[in-house]
Amino acid sequence: MNYTLILPEIIICAFALMSLVLAMFRRDKTDDTAGYLSIFGLISSIIFVVPLFDIKALLFNGFFIIDPLAIIFKIVFISISLLVAICSIAYTKKWENKPEYYFLLLCTTLGMMITASSGDLITLYIGLELTGLSSYPLVAFTKKDISSESSMKYFMFGAFFSAVTLFGISLVYGATGSTSIASALNIIDYKIALIAMLFLIAGFGFKTAIVPFHMWLADTHSGAPTSISAFLSGGIINVAFVALIRVLLVAMPTLNIQYGLILLVLSILTMTFGNIVALSQRHIKRMFAYSTIAQAGYIIVGLAVASSPDQEIAKLGIAAMLLHLIVHLFMKGGAFIAVAAVAESAGYDIRDYAGLGKRAPITASFMLIFLISLAGIVPTAGFISKLLLLISAIKFGDLGILLAISLLLNSILSCCYYGRLARYMFFIKPKDDSKIKEDIMFLIPMGIATIFILIMGLYPAPFVNIAISVANSLV
Amino acid sequence: MINAPPGIIFILGALLVPFLRGNIRKAYLLLLPLVAFVDLLYMPHGTNYVFNFIGLDLIFARVDSLSMVFAYVFVIIAFIGNLYAIHVKESWQHMTALIYAGSALGVVFAGDLFSLFIFWEIMAIASALLIWSRKTKASLNAGFRYILVHIFGGVCLLAGIALHFSNTGSILFGNIGLDGLDTYLIFLGFIINAAVPPLHAWLVDAYPESTITGTVFLSAFTTKTAVYVLARSFPGTEILIIIGALMTVYPIFYAVLENDIRKVLGYSLINQVGFMITGIGIGTALSINGTVSHAFCHIIYKALLFMSMGSVIYMTGKDKFTDLGGLYKTMPLTLIFCMIGAASISAFPLFSGFISKSMIVTASAEGGMLLTWFLLLFASAGVFHHAGIKVPYFTFFAHDSGIRAKEPPLNMLLAMGIAAFLCIFIGIYPDILYNILPYPVDFIPYTTPHVVSQLQLLFFAGLAFLFLITYGYYPPEQRAINLDTDWFYRKGAKWFTWFINNPLSEFSRLTAQATLNFFLFLLWFSRNPLAALKILLNIEKNREKYPNIPQYLEVVNLNAILTLIFLSICILVFLLK
C-alpha cells in the first residue's frame with residue numbers, strides 16, 4: 001500500500017498528538033509553541049496534499065478514496081485551519097491550555113479530511129463525528145457562560161442529527177447489506193431509497209446550516225471564540241457539503257428521485273431566511289452567522305443544478321458550487337478574523353464599529369474587501385462565483401430561472417446589511433477614536449484571504465478550470 | 001500585435017498613480033490619455049480580444065465607427081479633465097477618475113453583454129468614489145443615494161442579461177429591440193443611467209456634491225455611455241422619442257427655478273441627453289448621426305461649462321447664484337470660456353452645438369413628427385434661457401456681489417481653453433466630426449433656413465430676457481423664476497404642480513408607507529422568528545414578552561420538530577405522487 005497517499009492525514013494526526021504531548025511538559029502556561037507547531041504541521045501537510053491532485057485511488061478496501069474532489073476539499077480544510085491557527089496565536093495570547101486548543105483544532109481538521117476522502121458511509125460517519133466531537137469543546141473553550149451555553153446547544157443539535165444520519169445509513173445497510181456509498185445504487189425499493197436519502201439530507205443539512213436545520217448556527221457562532229467562529233463558518237459547514245456531494249452524486253442519480261427539487265426549495269428558503277434575519281442583527285457575529293446561512297443557500301444552488309440530466313449543466317453546477325464554497329471560506333473566514341482582530345478593543349455591536357476605518361485602517365480595509373466580495377460585487381472572487389452559480393441556475397431550465405431570480409433578489413437584500421457595516425466603519429464618527437493596535441498575526445491571514453479574493457476576482461480562469469476539472473472527474 | 005483596448009490602458013495605468021509624486025505624476029496623468037489616443041488612432045475595426053469563459057465569448061474590443069466616435073471623445077475629455085484636475089493632491093481622486101474613464105471606454109468597446117455589465121458596475125463604483133472624494137456630509141449621503149440607484153439599475157441589467165441569455169442562448173451585444181421581459185429589464189437598466197425622468201434624481205442630486213474637478217468627469221461618462229448602449233441596442237424604438245422629448249422639456253422648469261449653479265447645469269445635462277434619446281428613438285441614419293455627434297459636442301461643451309463654473313466655485317467658494325454676480329471685472333477669461341460654452345449649448349451658429357443639434361431637429365421634422373419637433377424647438381429656447389443666459393448672467397453680471405476673485409490657476413485656464421477651442425473648431429469645420437460618424441453624412445448645417453430660423457429662435461428668446469431685465473419687472477434674486485413663463489406655461493406648470501402635489505404625492509406617500517411598514521414588520525419578525533410566530537398565531541398572548549435572543553435550548557426542540565415536519569412533508573409528497 002502506498003502510504004504517501006494518506007501522508008497528509010498522518011502528519012496532521014502526528015502534530016495533533018505532539019501538541020498534546022507538549023502539554024505535559026509546559027512550564028509557562030501562555031506558551032505559544034503548540035501554535036507554531038501546528039502551523040508548521042498544517043503547512044507541511046498542505047505540501048503533501050497538493051501533488052496528489054490528479055491521482056485516483058481506493059485504499060482500505062474502498063473505505064478511503066483519493067480523487068480530485070477529496071484533494072480539493074482537503075486543501076480547503078487545511079487552508080481554513082491554517083488561517084485560523086495563525087490568527088489564534090494573536091487571539092489566544094492571554095489564554096491558558098493552548099496545546100489542547102490546537103490539539104482540538106487539528107483533530108477537527110483531521111475529521112474533516114477523513115470525511116472528504118470517505119468511500120463508505122461508515123468512514124463518512126466517523127469523519128463527521130470526529131469533526132463534531134472535537135469542535136464542541138472548541139466552542140466552549142473560554143468557559144464563559146455564553147460559550148458553554150452555545151456549545152451545549154451545538155452538542156444537543158449534533159447528537160440529534162447524528163442519530164438522523166445513522167438512521168439513514170442503517171436503512172441503506174438494511175436494504176443492501178453493505179455500507180459502501182456506491183451500494184446505495186442497489187436499493188430496489190423506491191420508498192426505502194427515498195426515506196434513506198431524506199434522512200441523509202437532513203443529517204448533513206444540519207452541518208451545512210440548511211433551513212430548516214439551521215438553528216444551531218447563529219447561537220453557536222455568537223457564543224464561540226471568534227477564531228472558532230471563523231473555523232465553523234469557513235470549515236465545518238463545508239464538511240457536510242462534501243458528504244452531500246458524495247452521497248447525492250454518486251448514489252442517487254440512478255434512483256430516479258428528483259432530489260434536485262427538494263434542494264431547490266431548500267436553497268430558496270435558506271438564502272431568503274438567512275438574508276432577512278441578518279438584516280436586523282446588530283450583534284456582528286450573529287449578522288455574519290446569518291449571512292453564512294444565506295451563503296450556504298447560494299452554494300446549494302449548485303448542488304440542485306447538479307441533479308440536471310444534462311451532464312454539461314450538472315458539471316457547471318458542481319464547479320460553481322465548489323468555487324463559491326472555496327470563495328466563501330476565504331471571505332467569511334477573513335471577515336470573522338477581522339472581527340476577532342478588533343473584538344478586544346471594539347466589541348461585537350455594530351455601533352462599536354463606527355469609525356473603524358480611522359481606528360484600525362488596515363483591518364477595516366481588509367474587511368471592506370470581504371464585504372464587497374460577500375455582496376458579490378466586481379472585481380472580487382465573490383462576484384465570479386456568484387455569476388457562475390447564476391449562469392448554471394439559468395441553464396437548469398424553468399425552475400432554474402426561479403433560482404436565478406431569488407439569487408439576484410437576495411443579493412440586493414444582502415447589500416443592505418453589508419453596506420450598513422461598511423457605512424459604520426468608514427462614515428460614522430466613533431465615540432472613542434483611539435487607535436487599535438493591529439497585530440501582525442491577524443493581518444497575515446486576512447492578507448492571504450484578501451490576496452486570494454482579489455486574484456481570483458481579476459483573473460478567474462485558472463480557478464474556474466480547476467473547479468471544472470474536479471467536476472469532470474465526478475460526473 | 002493588435003492595439004490594446006484603451007479602457008485597459010486607463011484602468012491598468014490608474015493603478016500606477018498612487019506610486020508617483022509631484023511633476024512625474026502630472027506628466028504621467030497627461031501622457032496616459034495621449035497614449036490611449038494614439039492607440040485609438042491605429043485601432044483596427046473588427047472584433048478582437050475574445051476570451052472564452054466557461055463557454056461564453058467575452059469580447060473586449062468590438063470596434064466599429066459607432067464605438068470609435070464615443071471612444072475618441074472619451075479620451076479627449078479624459079485628457080482635458082486630467083489637465084483641469086492636475087493640481088489636486090489626493091492621488092486616489094486621480095486614480096478613481098482614470099478607472100472611471102477606463103470603464104466607460106470598456107463599455108464602449110464591449111462586444112458582449114457580460115463584459116459590458118462588468119465595466120458598467122466598475123463605472124458605477126468608480127463614479128461613486130469620485131462623488132465621495134469631496135468628503136462632506138452632503139456628498140456622502142448623495143453618493144449613497146447614487147450608488148443605491150446604480151446598484152438597482154445594475155441588478156435590473158444583470159437580470160435582463162441573464163433572461164436574455166436563457167431565451168436566446170447568446171450574449172452578443174447588438175441590436176436588441178424591445179420585446180419580452182428580458183429586453184425591458186435591460187432597457188430599464190440602461191435608461192436609469194441615462195437619467196430619464198422620473199429616474200433622473202440621482203444626477204442632479206449627486207453631481208453638484210462631487211468635487212469641482214470630479215464633476216467634469218461625471219458629466220461626461222455615465223449618461224453618455226447610456227446613450228451609446230441605447231444607440232447600439234435600441235435604435236428606432238418609438239417609446240424613446242416620447243421619453244426623449246419629455247426629457248428635453250421637463251428639466252427646463254427646474255433649471256430656471258434652481259439656485260445652485262451646478263444643479264442648473266445638471267438639469268441642462270438631462271435636457272441635452274433628451275435630444276440624444278429622441279434621436280435614437282427616431283432611428284433614421286440622420287438622427288443616429290445627430291445623436292452621436294451631439295453626444296460628441298455635448299461632452300465637450302458641457303465639460304467646458306462645468307469647468308468654468310467650477311473655476312468660479314474654486315476661486316470664490318460659493319455655489320449659489322444669489323451669492324455671486326459682478327465677477328466679469330476680475331475673471332474675464334473665465335467669462336469668455338463660459339460664454340463659448342453657453343453659445344455652444346444654445347446652438348449658436350459657428351459653435352459646436354449648432355451643427356449637431358440641428359441634425360436631430362431636422363430628423364424629427366423629416367419624420368413628420370410635429371409635436372416632437374415643436375417640443376425640441378421649445379427645449380432649444382429653454383436651454384438658451386437657463387444655460388445660455390442665466391448661468392453667465394447671474395454669475396458674472398447681475399448685481400455686484402462685491403467678490404473680487406482672481407482668475408483660476410493656469411492649468412484650469414488651459415483645460416478650458418482647449419475645450420473652448422474644440423467647441424469653435426467643430427462649429428466651423430463640422431466635416432471633421434461628420435467624417436467619423438457611423439453613417440455617411442449628407443447634411444449641411446449652414447444653409448440659410450437653418451441659420452435664420454435658429455437665429456430667430458435665439459433672438460426672440462434673448463429679447464424676452466432683455467425686456468425683463470430692462471424694465472426691472474422682477475427683483476434680482478427672483479428673476480430666474482419668472483424668466484420663461486408666459487401665461488400658457490405658467491398654467492401648465494400650475495397644473496403640473498397640482499398633479500405632483502396631490503394625486504402623485506399621495507400615491508407615493510402611501511406606497512412608501514406600505515413599503516416601510518412591510519420592512520418594519522420584517523425587522524420585527526426577524527429579530528426572533530420563533531417568538532414572533534407565537535405572537536402572530538396567538539399562542540403567546542402577551543405581546544410585550546418578546547425577547548431579543550431565542551430562549552435557552554427551546555430552539556433545539558423547535559428544530560427537531562421542524563426537521564420531522566420537513567421529513568414528513570417530503571415523504572408524503574413523494575410517496576403520494
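Presented here is a report on the structure given in the accompanying data block. Predicted model, so just to flag it, every value in this text is computed and none were measured.

1. Describing the overall build of chain B
- When its secondary structure is counted, chain B shows 22 helices and two strands.
- Across the 577 residues in chain B, those meeting the buried criterion constitute 57%.
- When contacts within chain B are restricted to residue pairs at least 6 apart in sequence, long-range pairs at least 24 apart make up 78% of them.
- Accessible area of chain B: about 23600 Å², with a carbon and sulfur share of 70%.

2. Considering the interface of chain A and chain B
- Tallying the contact residues gives 49 residues for chain A and 43 residues for chain B.
- Both faces combined, the contact of chain A with chain B buries some 4200 Å², and carbon together with sulfur accounts for 87% of it.
- At the junction of chain A with chain B, the criterion picks out zero salt bridges.
- Secondary structure elements with two or more residues in the side of chain A that touches chain B: α6 (145-176), α7 (190-208), α8 (215-223), α10 (259-279), α15 (381-395), α16 (398-427) and α18 (461-474) of chain A.
- When residues of the side of chain A that touches chain B are assigned to their parent elements, the largest contribution, eight residues, is made by α15(A).
- The residue makeup of the side of chain A that touches chain B, split by class, is 38 nonpolar, four polar and seven charged.

3. Describing the nonpolar core
- Judged by nonpolar contacts, the single largest core of 379 residues is most densely connected at F73(A), F288(A), M367(A), L421(A) and F190(B).
- The contacts of F190(B), once residues within four sequence positions are left out, are L116(B), W120(B), L157(B), F173(B), A226(B), V229(B), L230(B), S233(B) and F234(B).
- Grouped together as the second largest cluster of nonpolar side chains are eight residues, V249(B), L376(B), F378(B) and A379(B) included.

4. With respect to the packing of aromatic side chains
- Scanning all chains against the criterion turns up 41 aromatic pairs over all chains.
- Between W120(B) and F190(B), the ring centres sit 5.4 Å apart and the planes meet at 50°, which makes this aromatic pair tilted. A residue pair is termed long-range when its members are at least 10 positions apart, and W120(B) in helix α5 (residues 113-132) and F190(B) in helix α7 (residues 180-193) qualify at 70 residues.
- Judged by its relative accessible area of 3%, W120(B) falls in the buried class.
- Members of the aromatic cluster, joined through ring pairs, are Y136(A), Y154(A), F155(A), F160(A), F161(A), F206(A), F213(A), W216(A) and F566(B).
- Lying over the aromatic face of F275(B), K357(B) brings its terminal NZ or CZ to 4.9 Å of the ring centre.

5. Points about a nonpolar patch on the surface
All names here are of chain B.
- A cluster of nonpolar residues, F521, L533, L536, L537 and I539, forms a patch on the protein surface that exposes about 490 Å² of accessible area.
- Within the fold, F521 resides in helix α20 (residues 487-527).
- Looking at F521, the relative accessible area reads 38%, which means it is partly exposed.

6. Here we look at the side chain of T395(B)
Residue and element names in this part refer to chain B.
- By the element assignment, T395 lies in helix α15 (residues 370-396).
- Since its relative accessible area comes to 0%, T395 is described here as buried.
- Beyond its immediate chain neighbours, meaning those up to four positions away, T395 contacts M309, V312, F321, L324, G325, G326 and L327.

7. Focus: the packing of helix α13 (residues 332-345) of chain B against α15(B)
Residue and element names in this part refer to chain B.
- At a closest axis distance of 8 Å, the pairing of α13 and α15 adopts a crossing angle of 170°. The angle between α13 and α15 falls in the class roughly antiparallel. Every residue of α15 that contacts α13 at T334, L335, C338, M339, A342 and I345 is listed here: V383, A387, G388, P392 and F396.
- A breakdown of the residues in the contact of α13 with α15 according to their chemical character gives nine nonpolar, two polar and no charged.

8. Looking at the state of the cysteines
- Within the structure shown, the criterion is met by zero disulfides over all chains.
- The closest cysteine sulfur to the non-disulfide-bonded C107(A) is located on C13(A), 7.1 Å from its own sulfur.
- The thiol of C297(B) is unpaired, and the distance to the nearest cysteine sulfur, on C423(B), comes to 7.8 Å.
- Overall, the relative accessible area of 1% leaves C297(B) in the buried class.

9. Regarding a positive patch on the surface
- On the surface, K358(A), R423(A), K429(A), K435(A), K135(B) and K137(B) cluster together into a patch of positive charge.
- Judged by relative accessible area, which is 34%, R423(A) ranks as partly exposed.

10. A closer look at the side chain of T215(B)
- Relative to the assigned elements, T215(B) resides in helix α9 (residues 212-233).
- A distance of 2.6 Å separates the side chain of T215(B) from the backbone oxygen of T211(B), its partner in a polar contact.

11. Considering the pattern of salt bridges
Residue and element names in this part refer to chain A.
- Within the structure shown, the criterion is met by twelve salt bridges over all chains.
- Between D219 and K153 there is a salt bridge, with its nearest N and O atoms 2.9 Å apart. With D219 in helix α8 and K153 in helix α6, this residue pair connects regions lying 66 residues apart in the sequence.
- Residue classification places K153 among the buried positions, given a relative accessible area of 3%.
- The partner of R286 in a salt bridge is D219, and the shortest N-O contact between them spans 3.3 Å. Of the two residues, R286 sits in helix α11 (residues 284-305) while D219 sits in helix α8, which places them 67 residues apart along the sequence. Across the pair, exposure class does not vary: R286 and D219 are buried alike.
- Linked by salt bridges that have partners in common, E149, K153, D219 and R286 make up one network.

12. Some words on α10(A)
- For α10(A), spanning 21 residues, the distance from its first C-alpha to its last is 30 Å, which sits close to the expected 30 Å at 1.5 Å a residue.
- Counting buried residues along α10(A), 15 of its 21 residues qualify, which places the element largely inside the surrounding structure.

13. Some details on unusual backbone geometry
Residues and elements named next belong to chain A.
- That bond from V211 to P212 is cis: its omega, 10°, falls within 30 degrees of zero.
- Mapped onto the elements of the fold, P212 is located in the loop between α7 and α8.
- Of note, the phi angle at K143 is positive, near 60°, even though the residue is not glycine.
- Tracing the sequence through the fold places K143 in the loop between α5 (121-139) and α6.
- You will see that A209, though not glycine, has its phi angle at about 60°, which is positive.
- Checked against the element boundaries, A209 lands in the loop between α7 and α8.
- Residue classification places A209 among the buried positions, given a relative accessible area of 1%.

Reading the values: the criteria
- Residues numbered from 1 in each chain as written.
- Chains lettered and ligands numbered in written order.
- Predicted model: local features only at pLDDT ≥ 70, side-chain atom pairs only at ≥ 80, totals over all residues.
- Heavy atoms only, no water.
- Helix = DSSP H or I, 4+ residues; strand = E, 2+ residues; numbered from the N terminus.
- Buried < 20%, exposed > 50% of the residue type's maximum accessible area, 1.4 Å probe, protein only.
- Contact = heavy atoms within 4.5 Å.
- Areas by Shrake-Rupley, 256 points an atom, 1.4 Å probe, with all protein chains shown as cover.
- Buried area = accessible area lost by both parts, 1.4 Å probe.
- Salt bridge = Lys/Arg side-chain N within 4 Å of Asp/Glu carboxyl O.
- Nonpolar A, V, L, I, M, F, W, Y, C, P; charged D, E, K, R; others polar.
- Core = buried A, V, L, I, M, F, W, Y, C linked by side-chain atoms within 4.5 Å.
- Phe/Tyr/Trp six-rings, centres within 6.5 Å; stacked < 30°, edge-to-face > 60°.
- Lys NZ or Arg CZ within 6 Å of the ring centre and 35° of its normal.
- Patch = residues over 30% accessible without salt bridge, like charges linked within 9 Å, V, L, I, M, F, W, Y side chains within 5 Å.
- Axes fitted to C-alpha atoms, helices over the stretch in contact; angles between N-to-C directions.
- Parallel < 35°, antiparallel > 145°, perpendicular 65-115°, else oblique.
- Disulfide = S-S within 2.5 Å.
- Lys, Arg positive; Asp, Glu negative; His and termini not counted.
- Charge placed at Lys NZ, Arg CZ, Asp CG, Glu CD.
- Polar contact = N/O pair within 3.5 Å; in protein donor to acceptor, adjacent residues only side chain to side chain.
- Expected span 1.5 Å × (residues − 1).

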